[in-house]
Amino acid sequence: MNTEFATKLELDYPILSDPDKKVAKAYGVVHEGRDLPERWTFIIGDDGKLKHIDRKVKAASHGADIAARLGELKIPKK
């Protein structure tokens, strides 16, 4: 399902499905009293190091927000 979705959107990066919330818990986005994990974006560099966490994702502008942050971090598009 994810492969089909990524292909349809012509994405050049992997996407993750996390139905049991194991990854969300590992990244600390599951909080008490909330049914769903918070929507955060983690930017991880080619070196495997965490470069940025966006904890205030706004769906309407998120693509542009992340593109700007990638530019600030000097992370090239692939």
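Residues numbered from 1 in each chain as written. Predicted model: local features only at pLDDT ≥ 70, side-chain atom pairs only at ≥ 80, totals over all residues. Heavy atoms only, no water.

Comments concerning unusual backbone geometry
The backbone of E10 shows a phi angle near 55 degrees, a positive value even though the residue is not glycine. Tracing the backbone through its elements, the reader meets E10 in the loop between α1 (2-8) and α2 (22-26). Judged by relative accessible area, E10 falls into the exposed class, the value being 70%. We note that K21 has phi near 65 degrees; this positive angle belongs to a residue other than glycine. By secondary structure assignment, the location of K21 is in the loop between α1 and α2. (Helix = DSSP H or I, 4+ residues; strand = E, 2+ residues; numbered from the N terminus. Buried < 20%, exposed > 50% of the residue type's maximum accessible area, 1.4 Å probe, protein only.)

Re the pattern of salt bridges
By the definition in use, this model includes three salt bridges. Here D47 makes a salt bridge to K51, at a shortest N to O gap of 2.9 Å. With a shortest N-O distance of 3.2 Å, E72 and R69 are connected by a salt bridge. Taken together, the positions of E72 and R69, both in helix α3 (residues 62-72) and three residues apart, correspond to about one turn of that helix. Of the residues examined, R69 reaches a relative accessible area of 31% and is grouped as partly exposed. (Salt bridge = Lys/Arg side-chain N within 4 Å of Asp/Glu carboxyl O.)

Concerning the pairing of strand β1 (residues 41-44)
A regular strand carries its side chains on alternate faces of the sheet. As defined by bridge partners, β1 adjoins strand β2 (residues 50-54) across four bridges and the pair is classed as antiparallel. Residue T41 lies in a different strand from β2, and its bridge partner there is D54. The turn linking β1 back onto β2 is made up of five residues, and G48 within it adopts a positive phi angle of 85 degrees. (Pairing = 2+ DSSP bridges.)

As for a nonpolar patch on the surface
On the surface, L16, V23, Y27, I44 and L50 cluster together into a nonpolar patch covering about 460 Å² of accessible area. In this structure, I44 sits in strand β1. (Patch = residues over 30% accessible without salt bridge, like charges linked within 9 Å, V, L, I, M, F, W, Y side chains within 5 Å. Areas by Shrake-Rupley, 256 points an atom, 1.4 Å probe, with all protein chains shown as cover.)

Description of the packing of aromatic side chains
Pairs of aromatic rings are described using the distance from one ring centre to the other and the angle between the two planes. The full count for this structure, using the stated rule, is two aromatic pairs. Between W40 and F42, the ring centres sit 6.3 Å apart and the planes meet at 45 degrees, which makes this aromatic pair tilted. Here F42 falls in the partly exposed class, since its relative accessible area comes to 23%. Of the aromatic side chains, those joined through ring pairs into one cluster are Y27, W40 and F42. Just above the ring of W40 sits the side chain of R55; from NZ or CZ to the centre is 5.1 Å. (Phe/Tyr/Trp six-rings, centres within 6.5 Å; stacked < 30°, edge-to-face > 60°. Lys NZ or Arg CZ within 6 Å of the ring centre and 35° of its normal.)

Structural notes on the confidence of the model for the protein chain
The pLDDT averaged across the protein chain works out to 87; a share of 96% of its residues lies at or above 70. Here α1 stands out as the least confident element of the protein chain, with mean pLDDT 84; β2 is the most confident, with 94. (pLDDT = per-residue confidence, 0-100.)

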